[in-house]
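Each chain, letter by letter, is given below.
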Amino acid sequence: MLTSRAAILALVVCVIALSLAYPLREYIAQRAQLAELREERARMEQSVQDLRQREEEMTQDAYVEREARVRLHYQYPGETAYIVIPPDSEDEDEDDTGPSEPWFTTLWRSVEEADSPPPDDGL
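All values derive from a computational prediction rather than experimental measurement.

Each helix and strand counted, the protein chain has 4 helices and 0 strands in total. Within the span of the protein chain, comprising 123 residues, buried residues form 2% of the whole. Within the structure as shown, the protein chain displays about 12300 Å² of accessible surface, and the carbon and sulfur contribution to it stands at 59%.

Put into structure tokens, the structure is as follows:
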């Protein structure tokens, strides 16, 4: 049989368990958030390190010269630059006929069509 002392003890244990459940859940959630923030911090530090290395590369004259030659096709005075066009690009140009009129003409025509209502059929 269940005595009054056993019932009170069970009630006290339940109250203690319920009072500890919320703080324990918050503690676990905060630990997870802390681990997430540490991972994000590590990613940010790696990103900063990569950017510093990129900045260091960009301050070197050899890198700037190479990028200017490759990307912008710059050359020194007296040098001749050649650009080789692949043969398959000529076939693509022949197939592409392009628009017969400028884009703004098509736009203006669509505005005029939207502005004029359709004729009523006697309704």
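Continuing now.
Moving on, we come to the UniProt feature "coiled-coil region" (unreviewed entry) in the protein chain. The feature "coiled-coil region" (unreviewed entry), as annotated in UniProt, sits at residues 27-61 in this numbering. Taken end to end, residues 27-61 is 94% helix and 0% strand, and its first and last C-alpha atoms sit 53 Å apart.

Under the defined criterion, the tally for this structure stands at 1 aromatic pair. An angle of 85° between the planes, with centres 5.8 Å apart, marks the rings of Trp103 and Phe104 as edge-to-face. Given a relative accessible area of 49%, Phe104 falls into the partly exposed group.

Moving on to unusual backbone geometry. The phi angle at His73 is positive, at roughly 60°, despite the residue not being glycine. On the accessibility criterion, His73 (49% relative accessible area) is partly exposed.

So, on to the confidence of the model for the protein chain. Residues of the protein chain with pLDDT of at least 70 account for 88%, and the chain-wide mean is 85. Here helix H3 (residues 88-95) is the element of the protein chain with the lowest mean pLDDT, 58, and helix H1 (residues 4-58) is the one with the highest, 92.

Oppositely charged side chains can pair when the atoms bearing their charge come close. Taken as a whole, this structure holds 5 salt bridges when the rule is applied. Linking Arg69 and Glu65 is a salt bridge whose minimum nitrogen-to-oxygen distance equals 3.4 Å. Of this pair, Arg69 and Glu65 are both found in helix H2 (residues 61-71), 4 residues apart, which corresponds to roughly one turn of the helix. Here Arg69 falls in the partly exposed class, since its relative accessible area comes to 31%. Residue class for Glu65 comes out partly exposed when judged on its relative accessible area of 33%. Salt bridges here are not isolated pairs; linked through shared partners, they connect Glu65, Arg69 and Glu79.

Quick notes on the rules
Residues numbered from 1 in each chain as written. Predicted model: local features only at pLDDT ≥ 70, side-chain atom pairs only at ≥ 80, totals over all residues. Heavy atoms only, no water. Helix = DSSP H or I, 4+ residues; strand = E, 2+ residues; numbered from the N terminus. Buried < 20%, exposed > 50% of the residue type's maximum accessible area, 1.4 Å probe, protein only. Areas by Shrake-Rupley, 256 points an atom, 1.4 Å probe, with all protein chains shown as cover. UniProt positions renumbered as here; feature names shortened; annotations may be inferred. Phe/Tyr/Trp six-rings, centres within 6.5 Å; stacked < 30°, edge-to-face > 60°. pLDDT = per-residue confidence, 0-100. Salt bridge = Lys/Arg side-chain N within 4 Å of Asp/Glu carboxyl O.

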